[in-house]
4 protein chains.
Amino acid sequence: MYSTEIKIRVRYGETDRMGYVYYGNYAEYFEVARVEALRSLGLSYKDTEDKGILLPVHTYDIKFLAPAHYDDELLIKTHIIEMPRARIRFRYETLNSEGVVINIANTALVFIDKESNKPIPAPELFLIKLQPYFQTT
Amino acid sequence: MYSTEIKIRVRYGETDRMGYVYYGNYAEYFEVARVEALRSLGLSYKDTEDKGILLPVHTYDIKFLAPAHYDDELLIKTHIIEMPRARIRFRYETLNSEGVVINIANTALVFIDKESNKPIPAPELFLIKLQPYFQTT
Amino acid sequence: MYSTEIKIRVRYGETDRMGYVYYGNYAEYFEVARVEALRSLGLSYKDTEDKGILLPVHTYDIKFLAPAHYDDELLIKTHIIEMPRARIRFRYETLNSEGVVINIANTALVFIDKESNKPIPAPELFLIKLQPYFQTT
Amino acid sequence: MYSTEIKIRVRYGETDRMGYVYYGNYAEYFEVARVEALRSLGLSYKDTEDKGILLPVHTYDIKFLAPAHYDDELLIKTHIIEMPRARIRFRYETLNSEGVVINIANTALVFIDKESNKPIPAPELFLIKLQPYFQTT
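Note that the coordinates shown come from a computational prediction; the quantities given were computed from them, not determined experimentally.

1. Remarks on the interface of chain D and chain C
Then, in step 1: Between chain D and chain C, the contact holds 17 residues from the first and 17 residues from the second.
Then, in step 2: Broken down by secondary-structure element, the contributors of at least two residues to the side of chain D that touches chain C are α1 (26-40) and β3 (57-64) of chain D.
Then, in step 3: Sort the elements by how many residues they give to the side of chain D that touches chain C and β3(D) lands first, with 8 residues.
Then, in step 4: Among the residues forming the side of chain D that touches chain C, the class breakdown is 11 nonpolar, 3 polar and 3 charged.
Then, in step 5: The pairing of strand β3 (residues 57-64) of chain C with β3(D) spans 5 bridges and is classified as antiparallel.

Dropping the structure here:
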């Protein structure tokens, strides 16, 4: 398993009239979280796209346990639980500043060749970078 | 079962550099869809909040089958599949202008008393309005 | 002068913890407003882009007189005050459901050739469609 | 004059199908920029609100010189040019990673008493914290 963490401070515009972070805004937090997870592995999401490989989200699910509020500094733990094949799966836990897990989420992304608009297997570079974290003896 | 439909035209700011509707923006479409589903039943989401009952989202999941693009007029079919109790569940299908289902999603919302910040059962008015659609013989 | 109107209902995710529409979200309302103004003239913003002409915003200003709230049905009046040349200028007034003007805004957009990435004059079709509204005797 | 800087990395969801940061999203960047400017002065925007003083935006204007793109790390320079009275004014310059100014913006915010919903002068604490930067001899 490969795991990283990032901190995100809640912006005013991301709250709603309940005073909570709007439920739809976590998707963007998780996008930031997975892009930084890849970056820490030496993989640039932007470069991947520029080389003609898109990674649209195929499935996304989230379970909310508690709300986040304006100006909270959230900690998002991101995990790549298995070696990517046709899909790359990320698991996220969001913690508030008291260390309480406030939601748990998952995304599965597919690799798409921009030219053909067809699914392709995970690029070699992803496999090389992730391999060390999934060694079995 | 209670079902309604709404049309939503994709705004420019809702697209991303892939040219697709950003995956996080569907949450807002579904919020609009369920609010209109309730309105068509004679239930105002805003009035419910103003009376002290919040309806935060507890779980949300979505499966993407195809992307939507700028200026597309999407049709969202919203279904309330069961009588609400502690939770009210909505199911959504988004169709593009060719009638193709491009994603399927679910949300479960909980009823929270604003004062106590505790879960409460579905308000009487919700039950009265929805009862006719869940008659069993 | 060419003028049109559209109605936009405030979405929950567009409010902030003050209970107001977040100040940044009006930019998207005005984008919808000017796209619909063009559509009512027989001009498709999407087609313009697909033909290789981009219309990025060059300047934007807004003066807030009063807030909008969740579920409000806003009326946006859009005006094209002069014939476009290098720029096309739109003026907007947002009214709440009591008919009170809650903000006034302006945008100037430039025509950019996608290939060369350089400014170009307003396309012929824009001039033809707008000419009747700027006839002088 | 009081000046600070922050860095903001462009999120995927903030781009549009032109591949640029959507013009409406800068408002949120500037909100983050001014909140951090206040924080660096020892002023918490959140605490100010919690004490019953709201700071809604009264005017906002922006001039775009060049676009920002996905994953760019932007530098926003924020300036408080004059002592606040009824309003507090912020000026912003956004620079891309090559150090090029890509836009210039201004916001004026008003101080509103939450209870009375009426404008009030800048709170004492704002004046105390800002005074040292506006000393005249």
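2. Some details on the confidence of the model for chain A
Then, in step 1: Per-residue confidence for chain A averages 96 on the pLDDT scale, and 99% of its residues sit at or above 70.
Then, in step 2: Predicted as a complex, the structure gets a pTM of 0.96 and an ipTM equal to 0.96.

3. Thoughts on the interface of chain A and chain C
Then, in step 1: Between chain A and chain C, the contact holds 9 residues from the first and 9 residues from the second.
Then, in step 2: A class-by-class count of the residues in the side of chain A that touches chain C yields 3 nonpolar, 4 polar and 2 charged.

4. Remarks on the relation of the copies chain A and chain C
Then, in step 1: If you rotate chain A by 180° and push it 0.0 Å along the axis, it lands on chain C with an RMSD of 0.0 Å. Overall, the copies show the geometry of a two-fold rotation axis.
Then, in step 2: When the interface residues of chain A are mapped onto chain C, 100% of them again fall at the interface, so both copies present the same face.

5. Considerations on the sheet that holds strand β7 (residues 112-113) of chain D
All names here are of chain D.
Then, in step 1: Spatially, β2-β7-β8 is the arrangement adopted by the 3 strands of the open sheet, whose pairing is antiparallel. The open sheet is flanked by β2 (53-54) and β8 (118-119), the only strands paired with a single partner.
Then, in step 2: Pairing of β2 with β7, which is carried by 2 bridges, proceeds in the antiparallel orientation. Within β7, the residue paired with Leu54 across the bridge is Ile112.

Definitions and cut-offs
Residues numbered from 1 in each chain as written. Chains lettered and ligands numbered in written order. Predicted model: local features only at pLDDT ≥ 70, side-chain atom pairs only at ≥ 80, totals over all residues. Contact = placed C-beta atoms within 7 Å. Helix = DSSP H or I, 4+ residues; strand = E, 2+ residues; numbered from the N terminus. Nonpolar A, V, L, I, M, F, W, Y, C, P; charged D, E, K, R; others polar. Pairing = 2+ DSSP bridges. pLDDT = per-residue confidence, 0-100. Least-squares fit on C-alpha atoms with pLDDT ≥ 70 in both.

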